[in-house]
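Topology and contacts: notes
Here's the letter readout for the chains.
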Amino acid sequence: MKIKIENITKTYGKKISLNNISFELEENKIYGLLGRNGAGKTTLMHLIAGHISPSDGSVTLNGLNPFNNRNVLKNICLINESGNFNQSLKIKDVLKISSLFYPNWNKEIAENLLIEFNLDRNLRIKSLSKGMESALGILIGLACRSAVTIFDEPYIGLDAALRARFYELLLEEYENEPRTFILSTHLIDEVSNLFEEVIILQEGKLVLQEQAEVLIEKSISVTGKKDIVQDFCKGKNVLHVKEFVGQQTAVLYGESFHQSDLYNQDLTVEPVHIQDLMVYLTSSSKGSVSI
Ligand SMILES: Nc1ncnc2c1ncn2[C@@H]1O[C@H](COP(=O)(O)OP(=O)(O)OP(=O)(O)O)[C@@H](O)[C@H]1O
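Residues numbered from 1 in each chain as written. Predicted model: local features only at pLDDT ≥ 70, side-chain atom pairs only at ≥ 80, totals over all residues. Heavy atoms only, no water.

Things to note about the UniProt feature "domain: ABC transporter" (unreviewed entry) in the chain
Formally: UniProt positions are given in the numbering used here, feature names are shortened, and annotations may be inferred rather than shown by experiment. Strands here mean DSSP runs of E at least two residues long; helices mean DSSP runs of H or I at least four residues long; both are numbered from the N terminus.
Sequence positions flagged by UniProt for "domain: ABC transporter" (unreviewed entry) are, in local numbering, residues 3-228. Here residues 3-228 runs as 34% helix and 30% strand, with 46 Å between its end C-alpha atoms.

Written out as structure tokens, the structure is:
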């Protein structure tokens, strides 16, 4: 489903959670939705999932407003960090309800993941540990096979091995049955190799929407003697600078750097991790500093 966000503003009283943002998401891609705490990520995901409506502007999925629209909602699955399920239900009730609600529900995936995550279908949600509840959220998010599946930090209580397994399962599922995944996470380095496109929010505004590959190509970190680094950085967009024992490191962003440009025996040139890039891009209002 094609998702179109047009001039969306969402306010809560005087608080502006999203401030006039517009962008489009294509079908069948894995998106990373990134930003610092309070940037507006959860608000945006709830708008796309039709759980809330905007104060201004419009959200459409294949041209239709998802808010209160069952025909659209049955194709969207949003798994939050917590509180996804009615605490008084049993796991088997959640599975039954999900299988009735989502038209593409895949029973085999659900059964396999129940075994893999060691979830007893007779347990009540309120008796589950945080990790078990997250595992159930991941199971539902993958088994529903919704055209748009959104995970908002779904890994609370999961150890590193289980999180790694989640990323692996997500990729397997995406290959078997391509659909749109939107992942919001603060553990960016763990998951950034899954992203095909990255969206960064800052204080309710859209800072950037870019293909992950291009983002990596457009950013480098250079380290060397201060005067050499400064010379190299002249006329370039410098996001971040740090100095350490006479050496300077500058992070540059904004142009495609080619190998030939980067061959400089006096400088150490390294790629920049998406997590660091997100931090630097959202550190100053302009997204750049001068040296
Ligand atoms: N129901 C609400 N009532 C009042 N303010 C809200 C509500 N929901 C969100 N906000 C405010 O909107 C802003 C954006 O919140 P949101 O939860 O969307 O950010 P986020 O990027 O998901 O943050 P985090 O990474 O910390 O989860 C915050 O300042 C938050 O306090």
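Brief notes about the site of the ligand
Rule in force here: Working definition: residue near molecule or strand if any one of its non-hydrogen atoms lies within 4 Å of it. Pairs of N or O atoms within 3.5 Å make up the polar contacts considered here, provided that, within protein, one atom can donate a hydrogen while the other can accept it, and that residues adjacent in sequence are counted only when both atoms are side-chain atoms.
Around the ligand, the structure places Tyr12, Lys15, Ser17, Arg36, Asn37, Gly38, Ala39, Gly40, Lys41, Thr42, Thr43 and His186. One of the side-chain N or O atoms of lysine 15 is found 3.3 Å from an oxygen atom in the ligand. Side-chain polar atom of lysine 41 to an oxygen atom of the ligand: 2.7 Å apart, as the coordinates give it. In terms of residues, the shell around the ligand owes the most to one element, helix H1 (residues 41-48), which gives three residues.

A word on the pairing of strand S10 (residues 219-225)
Selection criterion: Buried, partly exposed and exposed residues are distinguished by accessible area as a fraction of the type maximum, computed with a 1.4 Å probe on protein chains only: under 20%, between the cut-offs, and over 50%, respectively. Two strands qualify as a pair provided DSSP detects at least 2 bridges between them.
Most of S10 sits inside the fold, with six of its seven residues counted as buried. In this sheet, strand S13 (residues 268-271) lies alongside S10 in antiparallel orientation, the contact comprising four bridges. Each bridged residue has a counterpart across the sheet, and for isoleucine 220 the counterpart in S13 is proline 271.

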